[in-house]
Amino acid sequence: MTTPLRSILVPLDGSELAEQALAPAIALARASDAELHLTHVFVTYAARREMPGTEEMQVAIERQLEREANSYLHSVTERVAAELPDQVYAEPIHTRPLASPYSETAVIVESLRRLARRLHPDLMVMATHARGGVSRAWLGSVADALVRRGTVPILLVRPRDERTAAASAPFRHILVPLDGSTVAEEALPLAQTLAALAETQLTLLRVIVPRRAIARPAPVTRISAAYVAEQETQAREYLTSVRARVETQGACIDTVSVIADHPARAILDYAVDHDVDLIAMSTHGLGGVKRFMIGSVADKVLRGAPMLVLLTKPAQSETEAASAAAAVQ
């Protein structure tokens with residue numbers, strides 16, 4: 001069962017880095033006829049009263065910055081609307097006055113979460129830090145927080161140079177790593193939707209971590225061939241059954257299993273070697289809801305992938321959603 005793509009949300013912070021999320025978002029909106037909502041969170045700071053005579057000046061500066069932020073968002077919206085007439089909307093957000101910048105990220109995250117609850121987007125598209133680089137844009141920490149605490153599927157775009165800045169969506173090759181759990185399979189519906197937008201290859205990947213046994217008399221280990229053979233059979237049967245459930249019109253579906261000690265590295269190596277445009281994963285894996293995959297395999301894939309990464313989460317109950325919202329306030 002696919003997930004409809006009717007609404008896409010793109011947070012911007014005024015930087016060129018953040019705007020690199022626009023190209024794939026525009027391409028996806030065009031292919032799916034989805035609404036594209038562009039937002040900018042303007043963080044307001046309370047005037048400091050300890051400096052007599054400066055409060056009025058501080059207020060004037062804040063108002064000027066707010067006007068510039070609104071002008072920026074509307075100018076980007078007009079530019080994008082030229083490519084997508086009647087599909088683009090500006091969603092400016094103004095926060096409550098803050099006393100210090102220490103709570104800025106939490107306020108921005110909660111503002112975006114409230115907007116998402118109002119708009120109900122099917123996808124959020126954001127830019128991330130470049131590997132090994134340092135960004136002064138708030139989107140680095142905000143994207144990280146939304147990945148961990150948000151509920152909307154998020155497509156993370158790696159910053160690119162001018163030669164590779166063109167949109168790679170709709171995608172040509174989507175990779176979906178699976179670990180055998182129903183939670184991991186929750187990445188499939190949206191991956192199917194994206195694959196159906198064009199003639200896309202969809203690959204279902206299962207990484208088999210070999211079991212090692214001590215080989216005596218020498219104090220060395222060897223891979224258990226019997227265990228690997230058993231796991232390969234199970235992986236083949238599992239992937240075949242999943243493929244039968246997710247047959248997508250217009251997409252070529254392939255299944256593959258690889259043997260590797262490190263799942264994240266195996267996923268990245270396969271993606272690079274096979275020209276994958278997008279890796280789609282669930283942020284939870286085996287081990288239950290409390291054991292976040294984003295702290296292990298998905299986190300390593302996200303930080304190491306040179307291509308786009310789509311992260312989804314299992315649907316939260318209202319109690320879990322309320323608790324997550326309270327955690328960032």
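This structure is a prediction, so every number in the text was calculated from the model and none was measured. Numbering of residues starts from 1 in every chain and runs along the sequence as written. Only residues with pLDDT of 70 or above have their local features reported here, since the model is predicted, and side-chain atom pairs are shown and tallied only from 80 upward, although totals for entire chains, interfaces and linings are computed over all residues. Computation of side-chain values covers all heavy atoms of the structure but excludes hydrogens and water.

(A) The overall build of the chain, seen in detail. Elements are defined by DSSP. Helices are runs of H or I of four residues or more, strands are runs of E of two residues or more, and each kind is numbered from the N terminus. A tally of helices and strands in the chain yields ten helices and twelve strands. Categorising residues by exposure relies on relative accessible area from a 1.4 Å probe, with only protein chains included: less than 20% of the type maximum marks a residue as buried, more than 50% marks it as exposed, and the intermediate range marks it as partly exposed. With 329 residues in all, the chain has 48% of them scored as buried. Expressed as a percentage of contacts within the chain between residues at least 6 apart in sequence, the contacts between residues at least 24 apart total 77%. Throughout, a contact is declared for two residues whenever any of their heavy atoms are within 4.5 Å.

(B) Quick look at the nonpolar core. Ranked by internal contacts, the top residues of the largest apolar core, which has 45 residues, are Ile8, Val10, Leu36, Leu38, Ile174, Val176 and Leu204. Once you skip the residues sitting within four places of it in the chain, Ile174 turns out to touch Ala191, Leu194, Ala195, Thr200, Gln201, Leu202, Thr203, Leu278 and Ala280. Remark: nonpolar core denotes a set of buried residues (Ala, Val, Leu, Ile, Met, Phe, Trp, Tyr, Cys) joined through side-chain atoms within 4.5 Å.

(C) Structural context of a nonpolar patch on the surface. A contiguous nonpolar patch, built from Met57, Ile61 and Leu65 and spanning about 290 Å² of accessible area, is present on the exposed surface. Checked against the element boundaries, Ile61 lands in helix H3 (residues 55-81). The exposure class of Ile61 is partly exposed, given its relative accessible area of 45%. Any residue with relative accessible area above 30% and no salt bridge may belong to a patch, with like charges joined within 9 Å and the nonpolar Val, Leu, Ile, Met, Phe, Trp and Tyr side chains within 5 Å. Values of accessible area rely on a 1.4 Å probe in the Shrake-Rupley scheme; residue burial ignores everything except the protein chains shown. The term salt bridge refers to a side-chain nitrogen of Lys or Arg lying within 4 Å of a carboxyl oxygen of Asp or Glu.

(D) Quick peek at helix H2 (residues 22-32). Most of H2 is tucked away, with eight of its eleven residues classed as buried. Regarding H2, the residues found buried are Leu22, Pro24, Ala25, Ile26, Ala27, Leu28, Ala29 and Ser32. Two residues or fewer past H2, Asp33 is found with a positive phi of approximately 60°.

(E) Region of the structure containing the environment of Arg30. Here Arg30 lies in helix H2. Measuring from C-alpha to C-alpha, the distance between Arg30 and Pro170 comes to 9.4 Å, with 140 residues separating the pair along the chain. Once residues within four sequence positions are removed from consideration, Arg30 is found in contact with Glu83 and Leu84. Among the polar contacts made by the side chain of Arg30, one reaches the side chain of Glu83 at a distance of 3.4 Å. N or O atoms closer than or at 3.5 Å make up a polar contact, with two conditions inside protein: a donor-capable atom paired with an acceptor-capable one, and, for residues adjacent in sequence, both atoms drawn from side chains.

(F) Structural view of the confidence of the model for the chain. What pLDDT reports is the predictor's confidence in each residue, on a scale of 0 through 100. The share of residues in the chain with pLDDT of 70 or more is 78%, and the mean pLDDT across the chain is 81. A low-confidence stretch, residues 285-295 (pLDDT under 50), is modelled with 25 contacts involving residues beyond four sequence positions or located in other chains. The low-confidence segment residues 317-329 (pLDDT under 50) makes 14 contacts with residues lying over four places distant or belonging to another chain.

(G) Inspection of the pattern of salt bridges at higher detail. Across all of its chains, the model carries 13 salt bridges by this definition. In the salt-bridge network here, residues are joined through shared partners; they are Asp144, Arg148, Asp299 and Arg303.

(H) Spotlight on the environment of Ala25. Along the chain, Ala25 turns up in helix H2. Between the C-alpha atoms of Ala25 and Met126, which are 101 residues apart in sequence, the distance is 9.0 Å.

(I) Broad picture of the pairing of strand S1 (residues 7-12). Taking burial as the measure, the six residues of S1 include six buried ones, the bulk of the element. Strands are labelled as partners when DSSP assigns at least two bridges between them. When S1 meets strand S2 (residues 35-42), the two strands line up parallel, connected through six bridges. Residue Leu12 lies in a different strand from S2, and its bridge partner there is His40. Relative to strand S4 (residues 123-127), S1 runs parallel, the two sharing two bridges. Within S4, the residue paired with Ile8 across the bridge is Leu123.

(J) Up close: empty space enclosed by the protein. Two kinds of site are reported from a 1 Å grid over the protein atoms alone, namely cavities, where a 1.4 Å probe fits but cannot get out, and pockets, open sets with protein on both sides within 12 Å along at least five of seven lines, and residues are called lining when an atom falls within 4 Å of a point. Grid points are joined across faces, edges and corners, and a volume is the space filled by probe spheres set on the points. All chains considered together, the criterion is met by two cavities of 30 Å³ or more. At the level of elements, helix H5 (139-149) and strand S12 (308-312) are the ones that each hand at least two residues to the lining of the second largest cavity. Ten residues, namely Ala, Val, Leu, Ile, Met, Phe, Trp, Tyr, Cys and Pro, are considered nonpolar, four, namely Asp, Glu, Lys and Arg, are considered charged, and the remaining ones, Gly among them, are considered polar. Of the residues contributing to the lining of the second largest cavity, the split by class is five nonpolar, four polar and one charged.

(K) The side chain of Ser282, seen in detail. You can see Ser282 is positioned in strand S11 (residues 278-282). For Ser282, a relative accessible area of 4% gives the class buried. A polar side-chain atom of Ser282 sits 3.1 Å from the main-chain carbonyl oxygen of Val183.

(L) Spatial organisation of the side chain of Asp277. Of note, Asp277 is situated in the loop between helix H8 (263-273) and S11. Look at Asp277 and you get buried, because its relative accessible area is 6%. In this structure the side chain of Asp277 is engaged in a polar contact, spanning 2.7 Å, whose partner is the backbone nitrogen of Arg172.

(M) Focus on the environment of Thr200. Following the sequence through the fold, Thr200 ends up in strand S7 (residues 200-208). Residues Thr200 and His173, 27 residues apart in the sequence, show an inter-C-alpha distance of 5.6 Å. A distance of 3.3 Å separates a polar atom in the side chain of Thr200 from the backbone oxygen of Ala195.

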